[in-house]
Amino acid sequence: MKIAITRLENKAAGDRALCATYGHDCYTVSPLRADMRPDRIDTFVEAVHRGEFDCLFFSSALPAAVVGPKLERWPRVIAIGPKTAEVLRGFGIEAEVLPSFYSRDFVPYLGDWLRGRTVGIPRADVPNPGLLDAIAAAGGTVREERVYALVPTGAELALDGADAAIFTSAMSYREARWRPRDDLLLVAIGDITADAMRAGGHPPTVVGDGSLAGTLEALNRYAEGR
């Protein structure tokens, strides 16, 4: 299949090679762009160096890519998935990886260790009250630093040549400008994105596990079963 994948501009490294291993060709469409906030990145890094955190949580690869190279020392580090961990490893930072690709599993993963601990989270300027409430309920303290903003590009997604479209986040779906087609297979990278698509009137035919690889596996299972 020819697959359009929603990604931030210039942040699709490795997607095409991964798609090829599953027998597909893919290309990037960008409903969002990242506007970096260098002052906030520096503020967060300085707090890490002062020892203000017992743990850092990187919930996507982009904050890992912009914060990681500035860190000279760090506490316990948790990554949401192997790709984020790989980015951190490139800067010499070994990270534990959550057992799933969802931030909701951060608190269950750390359990009682969180009590009395402070967590630092560099992230996009997108609210995640569920995660903050869960950390507080576990007895922890959290400080988010919103090191970049996600801004709609306003460009219509080029889907005319695509057999399928993979939406990689709820926001990338909600902010996308696109024209649905009856023959366009709609795919959600995970259940949170799938819920947003259903609420918006575009229920996905295929839902992944939160990772691109798992989504391509699910897509192939669907194609084989048709």
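What counts, and where the lines are drawn
- Residues numbered from 1 in each chain as written.
- Predicted model: local features only at pLDDT ≥ 70, side-chain atom pairs only at ≥ 80, totals over all residues.
- Heavy atoms only, no water.
- Buried < 20%, exposed > 50% of the residue type's maximum accessible area, 1.4 Å probe, protein only.
- Helix = DSSP H or I, 4+ residues; strand = E, 2+ residues; numbered from the N terminus.
- Pairing = 2+ DSSP bridges.
- UniProt positions renumbered as here; feature names shortened; annotations may be inferred.
- Contact = heavy atoms within 4.5 Å.
- Right-handed = clockwise from strand over helix to strand, strands pointing away.
- Core = buried A, V, L, I, M, F, W, Y, C linked by side-chain atoms within 4.5 Å.
- Phe/Tyr/Trp six-rings, centres within 6.5 Å; stacked < 30°, edge-to-face > 60°.
- Salt bridge = Lys/Arg side-chain N within 4 Å of Asp/Glu carboxyl O.

Right, let's talk about the pairing of strand β9 (residues 164-167) for a bit. In regular strands, side chains alternate between the two faces of the sheet. Burial along β9 is two-sided: the face carrying A164 and I166 and the face carrying A165 and F167 are both buried. Of the pairings in the sheet, the one linking strand β1 (residues 2-6) to β9 comprises three bridges and is parallel in character. Within β9, the position partnered with A4 by the bridge is A165. With four bridges joining them, β9 and strand β10 (residues 185-188) adopt parallel strand pairing. Note on β10: the bridge partner recorded for F167 is A188.

Looking now at the UniProt feature "domain: Tetrapyrrole biosynthesis uroporphyrinogen III synthase" (unreviewed entry) in the protein chain. In this numbering, the UniProt entry assigns the feature "domain: Tetrapyrrole biosynthesis uroporphyrinogen III synthase" (unreviewed entry) to residues 21-207. End C-alpha to end C-alpha, residues 21-207 measures 19 Å, and it is 30% helix and 26% strand.

This part takes up the sheet that holds β1. Spatial strand order, β2-β1-β9-β10-β11: five strands in an open sheet with parallel pairing. Taken across any chain shown, the strands that pair with only one partner, and hence form the sheet edges, are β2 (25-29) and β11 (206-207). Taken together, the two bridges between β10 and β11 define a ladder with parallel strand orientation. Pairing of V187 across the sheet is with V206, part of β11.

Moving on, we get to the side chain of S30. Mapping S30 onto the fold places it in the loop between β2 and β3 (32-36). In this structure S30 comes out as buried when scored by relative accessible area, which is 17%. Setting aside residues no more than four positions away along its own chain, S30 makes contact with R7, L8, E9, T153 and L157.

Let's shift gears to the pairing of strand β5 (residues 76-79). By the bridge criterion, four bridges tie strand β4 (residues 55-58) to β5 in an arrangement that is parallel. For F57, the partnering residue across the bridge sits in β5 and is I78. Regarding the hand of the β-α-β motif, the stretch spanning β4, helix α3 (residues 61-67) and β5 is right-handed. Taking the sense of rotation as the criterion, the β-α-β connection linking β5, helix α4 (residues 82-89) and strand β6 (residues 96-97) turns out right-handed.

So, about the nonpolar core. Membership of the largest hydrophobic core comes to 26 residues, with the highest contact counts inside it found for L56, F58, V67, L71, V77, L88 and L150. Elements with a contribution of two residues or more to this core: α2 (38-49), β4, α3, β5, α4 and β8 (141-152). Ranked by residues supplied to this core, first place goes to α2 with five residues. What L150 contacts, discounting residues up to four positions off in sequence, is L8, L32, R33, A34, A124, V126 and M171.

Turning next to the packing of aromatic side chains. For any pair of aromatic rings, geometry is given as the distance between the ring centres together with the angle between the planes. All told, the structure shown has four aromatic pairs when counted by the stated rule. Look at F44 and F53: their rings are 5.3 Å apart centre to centre, the planes differ by 25 degrees, and that puts the pair in the stacked class. With a centroid separation of 5.5 Å and 90 degrees between ring planes, the pair formed by F167 and Y173 is classed as edge-to-face. Here the two residues F167 and Y173 agree in accessibility, since each one is buried. Through a chain of ring-to-ring contacts, the aromatic side chains of F167, Y173 and W178 assemble into a single cluster.

To continue, consider the side chain of N128. Examined against the element boundaries, N128 turns out to sit in the loop between β7 (118-124) and α6 (129-137). Beyond its immediate chain neighbours, meaning those up to four positions away, N128 contacts S103 and R123.

Here we come to the pattern of salt bridges. Oppositely charged side chains can pair when the atoms bearing their charge come close. Under the defined criterion, the tally for this structure stands at 18 salt bridges. A salt bridge links R37 to D125, with the shortest nitrogen-to-oxygen separation between them at 3.1 Å. Within this pair, whereas R37 is found in the loop between β3 and α2, its partner D125 is found in the loop between β7 and α6, the two being separated by 88 residues in sequence. By relative accessible area, D125 is classed as partly exposed at 31%. R143 is the salt-bridge partner of E52, the closest N and O atoms lying 3.1 Å from each other. Note that E52 is positioned in the loop between α2 and β4 and R143 in strand β8, a separation of 91 residues in sequence. Put simply, R37, R123, D125, E144 and R146 are held in one network by salt bridges that share partners.

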